[in-house]
Amino acid sequence: MEKTLKVIKKVYLYVLALLPLALQYYPTANKFDLIRYFSPYYIVAAFILAGFALFWFSEKRVAKLNWVILAFIVISSLSFIFADVKSFGFAEIFMLWLVGITMTFLGVKEARDELRKILPFALSAILIANVLGGIATYMSTDHLRFFGLFYNPEIKADAWPNAFANFFLLSFPFFLFWLFKKNKKYTSLKLLLTALVFSGFILTVSRAGYIALAIEIVLLLIFLKPRMKVVFSAMLVFFMGLGFTSIINYGKDIYWDTTNIGQRIAFNEAGGTTSIAERSEFFAGSFKLIGDDLLLGSGPVSFRWVYPQYQKGLLAVSDHPHNVLLKYGVERGLVVMIMFVIFLLIVYSNNGPLNKKAEEYDKIAWAGLLGLLAHSMVDFNLNFFTIYFSFWLVIISLTKLQKLKINYWALALVVMVIAGTVFVRLETVRLRELFDNPEKTKITSYAPAIPGYSILQLYNDNIESKKEIRLAILNKQLEVNPYDPGAWSRLAKERLQSNKTDEAEQIYDRIINDIDPKNTFEYYADYLELLQDQNDTDKIELLRESLDPMLSEYNKLKEANVHFIQSKNEEEYVERIESVLNGQS
């Protein structure tokens, strides 16, 4: 029985370590900060809870959570509960609960030691699958940069090259460790495979990724002190990788355009300087937002909604501030941001790569972690389950063991996850009931478990229904996210249908001045057309004064700012604005 149990645990840990690959085949769920379907996470939660039970009942104990990570989880959860914005945050906090539970049963020595043996293989397998599957998708689509399996064709921004670059930075040292440490055979084939994997990273054309990889290589050199033979092999891989890159791009060029890597690295391609300008503005705005709510922040996944109040650049918005620390600071408060740093420092101090007792595994793991974190200072990709869960598994494998005993915080996390899955399921069912029974005049459900666009889609589907239904839907959305310009805009249209023109004007005035003044011209176009219908020439002229410099800036950005031009209908809105302004002239 004991041997059977050992085999079951080993198989379980292999499957757990490969879960990040499984979620890539559910692309609508993998990017969990904009999750559309929660169903795959019922399975993930059930599997992690099963692991908790397996190790708890067989060992009669779980590991005690480090007090810093416990504070990180608790305050993050409180931030969600008391957040100003609740449209997307539940999935992010739910994932944190799952990580907390995973830390408790993988803290058991037997599991942790086994995880350290499994992770190099699992991360290597995921990386290889991403490169092989990614080459096929890259060559058969019109995307300019390589993205591995970080791809979702259901939405416009459907490929994420920086996400693959981020995962590559975490997994590449493990890949080298797994491939070359086990045995000395087939060296030439191994070098070819390494070069092919490396070519995928090159094709992401992630400038921040390139810099982070340079940092990672320096760290590997410091931690491992390799022989000259290894350095020579690395140089050979580099040049072979460039060769594979040329071959892949040559094949793609037959049917599709590709990125000029040299121009992009030199910041000479369209949009080259906007990335730097946007990030500097996101960082500046983030510090101001952190100052607004030091304790709990504005709520998980709220940056997109609260940043516009400090936004300076036109049409430059993001779902996150492109920095993992600032994201936690803005959305969960300064304490959470500090706790995250302290926890990493504690893990480093207990099991650092420069420690004389550090094993080779520790050194390659820290190189991967620090490479990912370096990239995360200018971009954020821990919103993908594949990266997020792999990241935490690596940290768990490095964490110093705590005293083993039954821990009631672990049981509390289990209860929260079970309650969370039930909560999401009930909310989804209730929302579906509302879809099926449009005669209901009240929204009896809709809570933060459901993304904001679901409730707005419900509004659109009920556009022919009773006014009371539509208003109830909008009011519920604005209750959980008072910064949603789409909901405010729909509410303004409702006021117009009720001949409440003054209220509609007040709403539009609030949108373009306070809620979302610089991320789209849509609301300016709607407001101008309303004023045109009212023959309110004075207000049109006032709007012209603020719009003229914005339109001038838009024309300068049109060819350069690839971030907005690829995914928005700004040209259509600008044409509507110019039609009103020209008619007024």
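Parameters and conventions
- Residues numbered from 1 in each chain as written.
- Predicted model: local features only at pLDDT ≥ 70, side-chain atom pairs only at ≥ 80, totals over all residues.
- Heavy atoms only, no water.
- Helix = DSSP H or I, 4+ residues; strand = E, 2+ residues; numbered from the N terminus.
- Buried < 20%, exposed > 50% of the residue type's maximum accessible area, 1.4 Å probe, protein only.
- Contact = heavy atoms within 4.5 Å.
- Areas by Shrake-Rupley, 256 points an atom, 1.4 Å probe, with all protein chains shown as cover.
- Expected span 1.5 Å × (residues − 1).
- Axes fitted to C-alpha atoms, helices over the stretch in contact; angles between N-to-C directions.
- Parallel < 35°, antiparallel > 145°, perpendicular 65-115°, else oblique.
- Left-handed = near helix turned anticlockwise from the far one by under 90°.
- Nonpolar A, V, L, I, M, F, W, Y, C, P; charged D, E, K, R; others polar.
- pLDDT = per-residue confidence, 0-100.
- Salt bridge = Lys/Arg side-chain N within 4 Å of Asp/Glu carboxyl O.
- Core = buried A, V, L, I, M, F, W, Y, C linked by side-chain atoms within 4.5 Å.
- 1 Å grid on protein atoms, 1.4 Å probe; cavity = no way out; pocket = protein on both sides within 12 Å on 5 of 7 lines; lining within 4 Å.
- Points joined across faces, edges and corners; volume = space filled by probe spheres on them.
- Phe/Tyr/Trp six-rings, centres within 6.5 Å; stacked < 30°, edge-to-face > 60°.
- Lys NZ or Arg CZ within 6 Å of the ring centre and 35° of its normal.
- Patch = residues over 30% accessible without salt bridge, like charges linked within 9 Å, V, L, I, M, F, W, Y side chains within 5 Å.
- Polar contact = N/O pair within 3.5 Å; in protein donor to acceptor, adjacent residues only side chain to side chain.

**Notes on the overall build of the chain**
Step number 1: Helices and strands together make up the secondary structure of the chain, namely 26 helices and 2 strands.
Step number 2: Here the chain, with 585 residues, has 56% of them falling under the buried criterion.
Step number 3: For the chain, contacts bridging at least 24 residues in sequence account for 74% of all contacts bridging at least 6.
Step number 4: Accessible area for the chain stands at about 25,700 Å²; split by element, carbon and sulfur atoms hold 60% of it.

**Examining helix 5 (residues 89-106)**
The α-helix advances 3.6 residues per turn, and as a result positions three or four apart in sequence lie on the same side.
Step number 1: Here helix 5 contains 18 residues, and its C-alpha end-to-end distance of 26 Å stays within 8% of the 26 Å for a straight helix at 1.5 Å per residue.
Step number 2: Burial analysis of helix 5 places 18 of its 18 residues in the buried class, which makes it a mostly covered element.

**Quick word on the packing of helix 20 (residues 467-480) against helix 21 (residues 485-497)**
Step number 1: Packing of helix 20 against helix 21 brings their axes to within 10 Å, and their N-to-C directions diverge by 150°. Taken together, the axes of helix 20 and helix 21 lie roughly antiparallel to each other. As for the relative orientation of helix 20 and helix 21, their crossing is left-handed in sense. Across the interface between the two elements, Lys-467, Arg-470, Leu-471, Leu-474, Gln-477 and Leu-478 of helix 20 pack against Ala-487, Trp-488, Arg-490, Leu-491, Glu-494, Arg-495 and Gln-497 of helix 21.
Step number 2: Residue composition of the contact of helix 20 with helix 21, grouped by class: 6 nonpolar, 2 polar and 5 charged.

**Focus: the confidence of the model for the chain**
Step number 1: When pLDDT is averaged along the chain, the result is 85, and 86% of the positions lie at 70 or above.
Step number 2: Across residues 444-448, confidence stays below pLDDT 50; counting only partners more than four residues off in sequence or on other chains, it has 17 contacts.

**Some details on the environment of Leu-144**
Step number 1: Relative to the helices and strands, Leu-144 resides in the loop between helix 6 (109-139) and helix 7 (161-181).
Step number 2: Distance in space between the C-alpha atoms of Leu-144 and Thr-204 is 8.7 Å, their sequence separation being 60 residues.

**A closer look at the packing of helix 1 (residues 2-23) against helix 6**
Step number 1: Following both chains from N to C, one finds helix 1 and helix 6 inclined at 40°, their axes separated by 8 Å at the closest point. On the basis of the axis angle, helix 1 is oblique to helix 6. The two elements helix 1 and helix 6 meet at a crossing, and its hand is right-handed. Across the interface between the two elements, Lys-6, Lys-9, Lys-10, Leu-13, Tyr-14, Ala-17, Leu-18, Pro-20 and Leu-21 of helix 1 pack against Glu-110, Ala-111, Glu-114, Leu-115, Ile-118, Leu-119, Phe-121, Ala-122, Ala-125, Ile-126 and Ala-129 of helix 6.
Step number 2: When its residues are assigned to classes, the contact of helix 1 with helix 6 shows 15 nonpolar, no polar and 5 charged.

**Examining unusual backbone geometry**
Step number 1: Positive phi, normally seen in glycine, also occurs at His-322, with a value near 65°.
Step number 2: Along the chain, the position of His-322 falls in the loop between helix 13 (303-306) and helix 14 (324-332).
Step number 3: When its relative accessible area of 12% is taken as the criterion, His-322 is described as buried.
Step number 4: The phi dihedral of Asn-535 is positive, around 55°, even though this residue is not glycine.
Step number 5: Relative to the elements of secondary structure, Asn-535 occurs in the loop between helix 23 (522-533) and helix 24 (537-557).

**Re helix 10 (residues 228-253)**
Step number 1: For helix 10, built from 26 residues, the straight-helix expectation of 38 Å at 1.5 Å per residue is met to within 8% by its first-to-last C-alpha distance of 37 Å.
Step number 2: Three or more residues of helix 10 are buried, namely Val-237, Gly-241, Thr-245, Ile-248, Asn-249, Gly-251 and Lys-252.

**Considerations on the pattern of salt bridges**
Step number 1: Inspection of the entire model under this criterion finds 20 salt bridges.
Step number 2: One salt-bridge network, in which partners are shared between bridges, spans Glu-92, Lys-327, Glu-331 and Arg-332.

**Describing the nonpolar core**
Step number 1: The biggest cluster of nonpolar side chains holds 134 residues, and the ones touching the most others in it are Leu-16, Tyr-41, Phe-391 and Trp-392.
Step number 2: The element that contributes the greatest number of residues to this core is helix 5, accounting for 13 residues.
Step number 3: With sequence-adjacent residues up to four places away left out, Trp-392 is seen in contact with Ile-69, Phe-72, Val-99, Phe-340 and Phe-343.
Step number 4: In this structure, Tyr-524, Met-550, Tyr-554 and Ile-577 belong to the second largest nonpolar core, which totals 38 residues.

**Some words on the layout of surface pockets**
Over the atoms, a rolled probe matching the size of one water molecule traces out where space is still vacant.
Step number 1: Its boundaries defined by the atoms lining it, the second largest pocket holds a volume of some 1,200 Å³.
Step number 2: What lines the second largest pocket is a set of 32 residues, and nearest its centre among them are Leu-176, Phe-180, Pro-226, Val-230 and Ser-233.
Step number 3: If one sorts the elements of the lining of the second largest pocket by residue count, helix 10 sits on top with 8 residues.
Step number 4: Of the residues belonging to the lining of the second largest pocket, the class tally is 20 nonpolar, 4 polar and 8 charged.

**Quick look at the environment of Ala-358**
Step number 1: Its location among the elements puts Ala-358 in the loop between helix 15 (334-351) and helix 16 (360-375).
Step number 2: Between the alpha carbons of Ala-358 and Phe-223 there is a distance of 9.7 Å; along the sequence they are 135 residues apart.
Step number 3: Those residues within four positions of Ala-358 in sequence are excluded, and the remaining contacts are Gly-352, Pro-353 and Lys-363.

**A word on the environment of Tyr-37**
Step number 1: Within the secondary structure layout, Tyr-37 lies in the loop between helix 2 (27-30) and helix 3 (39-59).
Step number 2: On the basis of relative accessible area, Tyr-37 is assigned to the partly exposed category, the value being 45%.
Step number 3: Beyond its immediate stretch of four places on either side in the chain, Tyr-37 contacts Thr-28, Ala-29 and Glu-154.

**Details of the packing of aromatic side chains**
Step number 1: Under the definition given, this model contains 42 aromatic pairs.
Step number 2: In this arrangement the basic side chain of Arg-304 is found over the ring face of Trp-305, its NZ or CZ atom lying 5.1 Å from the centre.

**Examining a nonpolar patch on the surface**
Step number 1: A cluster of nonpolar side chains, contributed by Val-218, Ile-222, Tyr-348 and Leu-354, occupies part of the molecular surface with about 350 Å² of accessible area.
Step number 2: Looking at the secondary structure, you find Tyr-348 in helix 15.
Step number 3: Given a relative accessible area of 30%, Tyr-348 falls into the partly exposed group.

**Comments concerning the side chain of Ser-76**
Step number 1: Position of Ser-76 among the secondary structure elements: in helix 4 (residues 67-81).
Step number 2: The exposure class assigned to Ser-76 is buried, which follows from its relative accessible area of 0%.
Step number 3: Engagement of the side chain of Ser-76 in a polar contact is seen with the side chain of Arg-332, the distance being 3.0 Å.
Step number 4: Apart from residues lying up to four places away in sequence, Ser-76 is in contact with Ile-93, Leu-96, Pro-300, Arg-332 and Val-336.

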